[in-house]
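# Coordinate analysis (summary)
The primary structure of each chain is shown beneath.
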2 protein chains.
Amino acid sequence: MTNSVGIVTPQKIVFEDPIHLSSGYVLPHYELMVETYGTLNADKSNAILICHALSGHHHVAGKHAETDKAAGWWDNMVGPGKPIDTNKFFVMALNNLGGCHGSTGPSSINPETGAPYGSSFPVVLVRDWVETQARLADRLGIKQFAAIIGGSLGGMQALRWSITYPERVRHALVIASAPKLTAQNIAFNDVARQAIITDPEFHGGDFYLHGVVPKRGLRLARMLGHITYLSDDGMGEKFGRLLRSGEYKYGFDVEFEIESYLRYQGDKFSTIFDANTYLLMTKALDYFDPARHYGGSLAEAMRQAQAKFLVVSFTSDWRFAPSRSREIVKALLDADRTVSYAEIESQHGHDAFLMEDAPYMAVMRAYLNNIAAEIA
Amino acid sequence: MTNSVGIVTPQKIVFEDPIHLSSGYVLPHYELMVETYGTLNADKSNAILICHALSGHHHVAGKHAETDKAAGWWDNMVGPGKPIDTNKFFVMALNNLGGCHGSTGPSSINPETGAPYGSSFPVVLVRDWVETQARLADRLGIKQFAAIIGGSLGGMQALRWSITYPERVRHALVIASAPKLTAQNIAFNDVARQAIITDPEFHGGDFYLHGVVPKRGLRLARMLGHITYLSDDGMGEKFGRLLRSGEYKYGFDVEFEIESYLRYQGDKFSTIFDANTYLLMTKALDYFDPARHYGGSLAEAMRQAQAKFLVVSFTSDWRFAPSRSREIVKALLDADRTVSYAEIESQHGHDAFLMEDAPYMAVMRAYLNNIAAEIA
């Protein structure tokens, strides 16, 4: 595994100090699943936090075992000699609170009841995640991150960090993100949520107690999600109107390649992801709106920040289009902050932020090399 | 009811001659629900056929009773003195075969079994609809239409008419349409279909026998459809991020105005539309590809046509974007046909073709006035 961080082992970190969430709910105890790569330097100035998006988690790079088929979700970006260079940086990633990959979430056992939280698990906001991430940094003695990096919902966490803890973020890298969702974004999320909630096997969120999973709903949510992650052109190039059998079958079984792809993705996802976590992640997206407490002015919100920013967008991303990234850039400029902006030509839609693409990698590498130079 | 066609009465027309469908299925008997406005002139040269889109039907203009709350679905376009002027034209509309508004469809009783067709109802292609519409014209003695007009899936029928029956169409008006679906279009349709088919109350299409309706699936399909009918900007202008209660509620009930709108539209639709008809209409869309039998060349397909064309698109329509209409225009020009093209500035997305908009109405009125002048 050249350029790989190799075999990594996640660790579960227990927090016994209650956390007061934005919703008013107090979670007395929680655990976070964490993975780190590289070595924290003596003055703890080389730490990078990677924040994940809707279906992401702590397993960013490397493998958990030699026999693993796939590496972590951002293995092309993180590793020795890669843009986020683990020879230079100590990289940390976690599964966010409310997740379903080892951190405390709706599918976890509530120690007070001995049963899964299910419907009783609270809604969690981006600002709540930032709070848990700050506590995690405290635990490791990291006072300030060299960079906080995230794509999509992950970029929103980087933005929120820069506002809530200005002195703890030297650089925020906000990739394929948006300052808040549009009505259309919320609409797509709501269709996905309704697919899950109206699945008879959802049981109001307490399906764990019935020994079932709302697979149909989760499958539809994921199929729909995938359409919004890909571009019309990219989908056209990859699938076009190709028929699986070459001829019309005049029925409702899989007929076009795109149907086969989406149904496969939906089926796979529905067996591995927790339905309540999906709901929770989409609500965190809907609620994110840092300008809200600054009279609706994003510039005013960004004026709190001390970080320098790299904002990256992709031309064919219609979920969070370049225009959304430019809103962030404009607000930063209006607030007299330092920001670099790259708009990457790509056919891969929103998913482009996860993919290997030379100009994108070059931008990331150059920016992170500059950060590394500041440390050395 | 100024400028209205007034009170109209649909009529059911029975066809006893079997129809051989593209799928190979033979339907021995079928009925079409039809509505007409205006008067057929002596030489039957002033007939206009209006073809409906996915959820449309024969009731285009006027009301069925004084107490009706709403008029037909294109009442702003069709009536005395309106762009499609019933003082000049004899206007005919029908509910397509496979529909659920009175024409023979999956919810109709199969006279051979005494039970609803359900899953046994055949897939119907756009070309099959054109065949049934041609037979309907024969019944009325209409050899040639002054114009065949349709938006979206309706525009595909007008295109198909001009290829299959070149001598029977003087003008084809193809509005907010496309020469074939993209992979993304098919993908959205398949998510809608999967929502219906995986609803436990779908019962493989034979839900009628179980006394239930797959409302959940139909509701999701309609919610999703609505997102694709509206533009991001239009949705933003109408709903933005407005909260129903003014404050975040940190739960999964309706919270944003856009959620309320979509759920309401979905709920309403799920009680009035037939799930099998919805499946059938989306398949007709997926299959439409007139270039397919002409070596993939749309120009070659259009070379069959003798009609003159008006193609209309709307700037914010992302379901069938202006670029899709321009494909049709280019093919017509390459085939040396006569075509006028109007790209209307609008924020209303795909739905714009149904809405009152002065420049759009003016284009339609001018074009149809010219057709009327040819007849007089």
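Remember, it's a predicted structure, so these values are computed and weren't measured experimentally.

Turning to the confidence of the model for chain A, a few remarks are in order. Here chain A shows a mean pLDDT of 97. Residues at 70 or above account for 100%. Among the scores for the predicted complex, ipTM is 0.96 and pTM is 0.97.

Residue and element names in this part refer to chain B. The end-to-end C-alpha distance of helix α7 (residues 275-287), which contains 13 residues, comes to 19 Å, matching closely the 18 Å that a straight helix rising 1.5 Å per residue would cover. Counting buried residues in α7 gives 13 out of 13 residues, a clear majority hidden from the surface. The opening residue of α7, the one whose side-chain oxygen lies 3.1 Å from the backbone nitrogen of Asn-276, is Asp-274.

Next up on the list: the relation of the copies chain B and chain A. Here chain B sits on chain A after a turn of 180° about the axis and a move of 0.0 Å along it, with an RMSD of 0.0 Å. The two molecules are tied by a two-fold rotation axis, judged by turn and shift. By residue overlap, the copies meet face to face through one surface: 100% of the interface positions of chain B are interface positions in chain A.

Glancing now at the UniProt feature "active site" (unreviewed entry) in chain A. Residues and elements named next belong to chain A. UniProt's feature table lists "active site" (unreviewed entry) at Ser-152, Asp-317 and His-350, given in the numbering used throughout. For the residues just named, distributed over 199 residues, the greatest C-alpha separation is only 10.8 Å, placing them together at one site. Relative to the elements of secondary structure, Ser-152 occurs in the loop between β11 (147-151) and α2 (153-164). Aside from chain neighbours lying at most four places away, what touches Ser-152 is Ala-53, Ile-175, Ala-176, Ser-177, Phe-320, His-350 and Phe-353. One can find Asp-317 in the loop between β13 (308-314) and α9 (322-334). Contacts of Asp-317, omitting those with residues within four sequence positions, involve Ala-176, Pro-322, Gly-349 and His-350. From its side chain, Asp-317 meets the backbone nitrogen of Arg-319 in a polar contact 3.0 Å long.

Right, let's get into the packing of aromatic side chains. All names here are of chain B. Scanning all chains against the criterion turns up 34 aromatic pairs over all chains. Between Phe-15 and Tyr-30, the aromatic rings sit 5.0 Å apart at their centres with planes inclined by 5°, giving stacked as the arrangement. Note that Phe-15 is positioned in strand β1 (residues 11-15) and Tyr-30 in strand β4 (residues 30-37), a separation of 15 residues in sequence. Assigned by exposure class, Phe-15 and Tyr-30 land together as buried.

Another aspect to go through is the pattern of salt bridges. Within this structure, the stated rule accounts for 37 salt bridges over all chains. A salt bridge links Asp289(B) to Arg241(A), with the nearest nitrogen and oxygen atoms 3.7 Å apart. Here Asp289(B), found in the loop between α7 and α8 (298-302), pairs with Arg241(A), found in the loop between α5 (232-238) and α6 (257-272), and the two come from separate chains. Asp289(B) sits in the buried class, given a relative accessible area of 15%. Judged by its relative accessible area of 15%, Arg241(A) falls in the buried class.

Analysis parameters
Along each chain, numbering runs from 1 in the same order as the chain's sequence is written. Here every chain gets a letter starting at A, and every ligand a number starting at 1, in the order they are written. Residues qualify for local features only when their pLDDT is at least 70, as the model is predicted, and side-chain atom pairs are given and counted only at 80 or more; totals for whole chains, interfaces and linings, by contrast, use all residues. Where side-chain values are given, they derive from all heavy atoms of the structure, hydrogens and water being excluded. Every residue is assigned a pLDDT by the predictor, reflecting its confidence on a scale from 0 to 100. Secondary structure follows DSSP: runs of H or I at least 4 residues long count as helices, runs of E at least 2 residues long count as strands, and numbering of each begins at the N terminus. An expected span of 1.5 Å times one less than the residue number is assigned to each helix. When accessible area is computed with a 1.4 Å probe and restricted to protein chains, residues below 20% of their type maximum are described as buried, those above 50% as exposed, and intermediate ones as partly exposed. The definition of a polar contact used here is a pair of N or O atoms within 3.5 Å, where within protein one atom must be able to donate a hydrogen and the other to accept one, and adjacent residues in sequence count solely through side-chain atom pairs. Superposing the copies works by least squares over the C-alpha atoms of residues that have pLDDT at least 70 in both of them. Here, two residues are considered to be in contact whenever any of their heavy atoms come within 4.5 Å of each other. UniProt positions are given in the numbering used here, feature names are shortened, and annotations may be inferred rather than shown by experiment. Aromatic rings from Phe, Tyr and Trp, with only the six-membered ring used for Trp, were paired whenever their centres fell within 6.5 Å, and each pair was classed as stacked if the ring planes differed by under 30 degrees, edge-to-face if by over 60, and tilted otherwise. In the sections that follow, a salt bridge refers to a side-chain nitrogen of Lys or Arg positioned within 4 Å of a carboxyl oxygen of Asp or Glu.

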